[in-house]
Amino acid sequence: MKFNADEIASVLRQEIEQFDSQVDVREVGTVIEVGDGIARVHGLSNVMASEMVQFSDGVEGLAFNLEENSVGIIILGDYLEINEGDEVKSLGRLLSVPVGEAVIGRVMDPLGNPLDGKGPIDATERRPVEVIATGVAQRQPVRESLQTGLKAVDSMTPIGRGQRELIIGDRKTGKTAIAIDTIINQRDSGVKCFYVAIGQKDSSVAGMIAELEKHGAMDYTTVIVSGSSSPAPLQYVAPYAGTAMAEHYMFNGEHALIVYDDLSKQAVAYRQLSLLMRRPPGREAYPGDVFYCHSRLLERSAKLSDALGGGSLTSLPIVETLEGEVSAYIPTNVISITDGQIYLQPDLFFAGQRPAMNAGISVSRVGGAAQVKAMKKVAGGLRLDLAAFRELEAFAQLGTELDKATQSRLDRGYRMVELLKQPQYKPMHVVDQVFGIFAGTRGYLDAVPAREVGAWEEAMLTFIHDRKNDLWQKLDETKDLTDELEAEMHAAMKEFNEHYLTAGGGAETKK
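Each value, and the rule that gives it
Residues numbered from 1 in each chain as written. Predicted model: local features only at pLDDT ≥ 70, side-chain atom pairs only at ≥ 80, totals over all residues. Heavy atoms only, no water. Helix = DSSP H or I, 4+ residues; strand = E, 2+ residues; numbered from the N terminus. Buried < 20%, exposed > 50% of the residue type's maximum accessible area, 1.4 Å probe, protein only. Contact = heavy atoms within 4.5 Å. Areas by Shrake-Rupley, 256 points an atom, 1.4 Å probe, with all protein chains shown as cover. Phe/Tyr/Trp six-rings, centres within 6.5 Å; stacked < 30°, edge-to-face > 60°. Lys NZ or Arg CZ within 6 Å of the ring centre and 35° of its normal. Core = buried A, V, L, I, M, F, W, Y, C linked by side-chain atoms within 4.5 Å. Expected span 1.5 Å × (residues − 1). Arc of directions from axis to C-beta. Salt bridge = Lys/Arg side-chain N within 4 Å of Asp/Glu carboxyl O. Pairing = 2+ DSSP bridges. Axes fitted to C-alpha atoms, helices over the stretch in contact; angles between N-to-C directions.

**Q** Tell me about the overall build of the protein, residues and numbers included.
**A** Check the secondary structure of the protein and you find 16 helices and 16 strands. A principal-axis box enclosing the C-alpha atoms of the protein has dimensions of 110 × 60 × 40 Å. Taken across its 511 residues, the protein has 52% of its residues classed as buried. Looking at the protein alone, contacts between residues at least 24 apart form 73% of all its contacts between residues at least 6 apart. In the form shown here, the protein has an accessible surface area of approximately 23,700 Å², with 50% of it arising from carbon and sulfur atoms.

What follows is the structure in structure tokens.
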């Protein structure tokens, strides 16, 4: 058998080039105890905080508690197959999730595994779940408007791109409805939306996804689900995973919106993990660092400076209160971190006012800076007027005889309340909102019976779109209310009211 020297030389050369002298060294530990989504492991002496580890059955975990003789691991998956004595190896990397266009339109768990049956998520990039928030010098003030499509919100508590606006209220008061309407309203705005469901019923999440699909919103939305049946570690990690996916767009000069529904359930999951790890409990048995748990999450929402591309991440955290207790531990924590709150009141909800926003307690700390100029001019004193109307209404219930001026203020208040009512899944264009609120604040509704306000508004908008489309287009282009445009709006309202009121409720406009 002959050997070709050149062949042998080329094989040896190839082997030498490909030779890797590095030895694959990994730390291995042993499970001491396991249960309730956590494991205690002995032997991982060099593991770092938040480092990923892998159990012998392939399930991954996260180093959560670094103690003298053992490491507390939170298990990101099924912990029932893990047994005492199993081997655990450290992976030398942080938890990361897939990002980019591949995740848009998908439903997944916090680890990036698909839940929608549409096959694997073929992402080319990944981002670490935990990153340090951008600093002050890398941001710019919030000035650009993010329209929710809800008259009550856009007129009184405007939200800007890069803002964090808390939605707070008791259960079943329409918190999720506001968030979903905001997502639906982003259809043509180029904003990518992320909805993180934490501790929600799977049936509720499925219904919400069906609504998003029905309105075409899943084309630009990603849903991250960690339902009520998910283990506490996944509920704790879910908001950070969603934020990492949304940040990808912010750092690429685009705009993203993220909804955390809700952070009170994430705090409960974090409390559960902390108590199981025997961390010292504080107020309401929450660990001392539960504030940091939320602050490091919400501080990642920002409007980046122009040097970094000017991208933004806007967040709408949701917090559930018990019996309207806004001064409880988690609500006060999140209120102090966010740039304002929309407070939903059960009394208003059950009285038929939807959205049930309390104008007195609700506030946007960014305020008019992020508001469309035209809206700012027509709705300037609306929030204070509505809060004053509520006080006046309570006084009028005492049966006191009211003077004419007070009665007229009350009557206008009732009409404004009716005007701000809005059906679910029907967000309105900002110019349509401006026309409606202009009519209410300038007295064009005073002659319309309160129960007919909704029908009047619908007929008025049809009239504007059909007969005064030039005026609508001008307002849409400038987004500002000049004296000339205001005069045209007054003329249009007078013309419409003449038709509407003489025809006894819109018969003329329906022809």
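Having seen the model, we can carry on.
**Q** Give me the lowdown on the packing of aromatic side chains, citing residues and values where you can.
**A** Overall, the coordinates contain twelve aromatic pairs when judged by the stated rule. Both rings, one in Tyr236 and one in Tyr270, keep their centres 5.0 Å apart while their planes meet at 20°; by these two values the pair is stacked. With Tyr236 in helix H5 (residues 232-250) and Tyr270 in helix H6 (residues 263-276), this residue pair connects regions lying 34 residues apart in the sequence. Across this residue pair, the class does not change: Tyr236 and Tyr270 are buried. Centre to centre, the rings of Phe438 and Tyr444 are 6.4 Å apart; their planes meet at 20°, and the pair counts as stacked. With respect to class, Phe438 is no different from Tyr444; both count as buried. The rings of Phe64, Tyr236, Tyr240 and Tyr270 are connected pair by pair, giving a single aromatic cluster. If you follow Arg271 out to its NZ or CZ, it ends over the ring of Tyr286, 4.3 Å from the centre. Lying over the aromatic face of Phe64, Arg279 brings its terminal NZ or CZ to 4.2 Å of the ring centre.

**Q** Break down the nonpolar core for me, with residues and values.
**A** Grouped together as the largest cluster of nonpolar side chains are 76 residues, with contacts concentrated most on Ile183, Leu212, Val223, Leu386, Phe435, Trp456 and Leu475. Those residues in contact with Leu386, other than ones at most four positions away along the chain, are Met156, Ala359, Met416, Val417 and Leu420. Listed in part, the 57 residues of the second largest apolar core include Leu76, Val97, Ala232 and Ile337.

**Q** Run through helix H4 (residues 202-214), naming residues and quoting values.
**A** Owing to its 3.6 residues per turn, the α-helix aligns residues three or four sequence positions apart on the same side. When the terminal C-alpha atoms of H4 are compared, their 18 Å separation across 13 residues agrees well with the 18 Å that a helix rising 1.5 Å per residue should span. Val205, Met208, Ile209, Glu211 and Leu212 are the residues of H4 that are buried. All buried residues of H4 lie within an arc of 160° about the axis, which places them on one face of the element. Of the exposed residues in H4, the ones pointing more than 90 degrees away from its buried face are Ser203 and Lys214. In the core, the buried residues of H4 are packed alongside strand E8 (107-108), helix H3 (175-184), strand E11 (192-198) and strand E12 (221-226). Of the residues trailing H4, Gly216 is marked for its positive phi of about 75°.

**Q** So what about the pattern of salt bridges? Which residues, and what values?
**A** Tallied over the full model, the rule gives 25 salt bridges. Of the charged contacts, one joins Arg139 and Glu299 as a salt bridge, the two residues approaching to 3.9 Å between their closest N and O atoms. Remark: Glu299 occurs in the loop between helix H7 (290-298) and strand E14 (312-320) and Arg139 occurs in the loop between strand E9 (125-128) and helix H2 (151-156); sequence separation between them is 160 residues. Among the residues examined, Arg139 registers a relative accessible area of 22% and is labelled partly exposed. Glu299 serves as the salt-bridge partner of Arg164, at 3.0 Å between the closest nitrogen and oxygen. Of the two residues, Arg164 sits in the loop between H2 and strand E10 (166-169) while Glu299 sits in the loop between H7 and E14, which places them 135 residues apart along the sequence. Judged by its relative accessible area of 32%, Glu299 falls in the partly exposed class. Three or more residues joined by partner-sharing salt bridges are found here, namely Arg139, Arg164, Glu299 and Asp339.

**Q** How would you summarise the environment of Gly112 if you had to cite specific residues and measurements?
**A** Here Gly112 shows up in the loop between E8 and E9. Along the chain, Gly112 and Ala123 lie eleven residues apart, while their C-alpha atoms are 9.9 Å from each other. In contact with Gly112, not counting residues within four places along its chain, are Pro98 and Ile121.

**Q** Kindly report on the sheet that holds strand E5 (residues 71-76), identifying the contributing residues and their values.
**A** Through backbone hydrogen bonds, the strands of a sheet pair up, either in parallel or in antiparallel fashion. Strand order around the closed barrel formed by six strands is E1-E2-E5-E4-E3-E6, with antiparallel pairing between neighbours. Recorded for the sheet is a direction-independent mean angle of 45° between the axes of neighbouring strands. In this structure, strand E1 (residues 28-35) lies alongside strand E6 (residues 87-94), joined through three bridges in antiparallel fashion. Across the sheet, the residue bridging to Gly29 is Val88, located in E6. On the sheet, H5 packs against strand E4 (60-66) and E5 and is oriented at approximately 80° with respect to E5.

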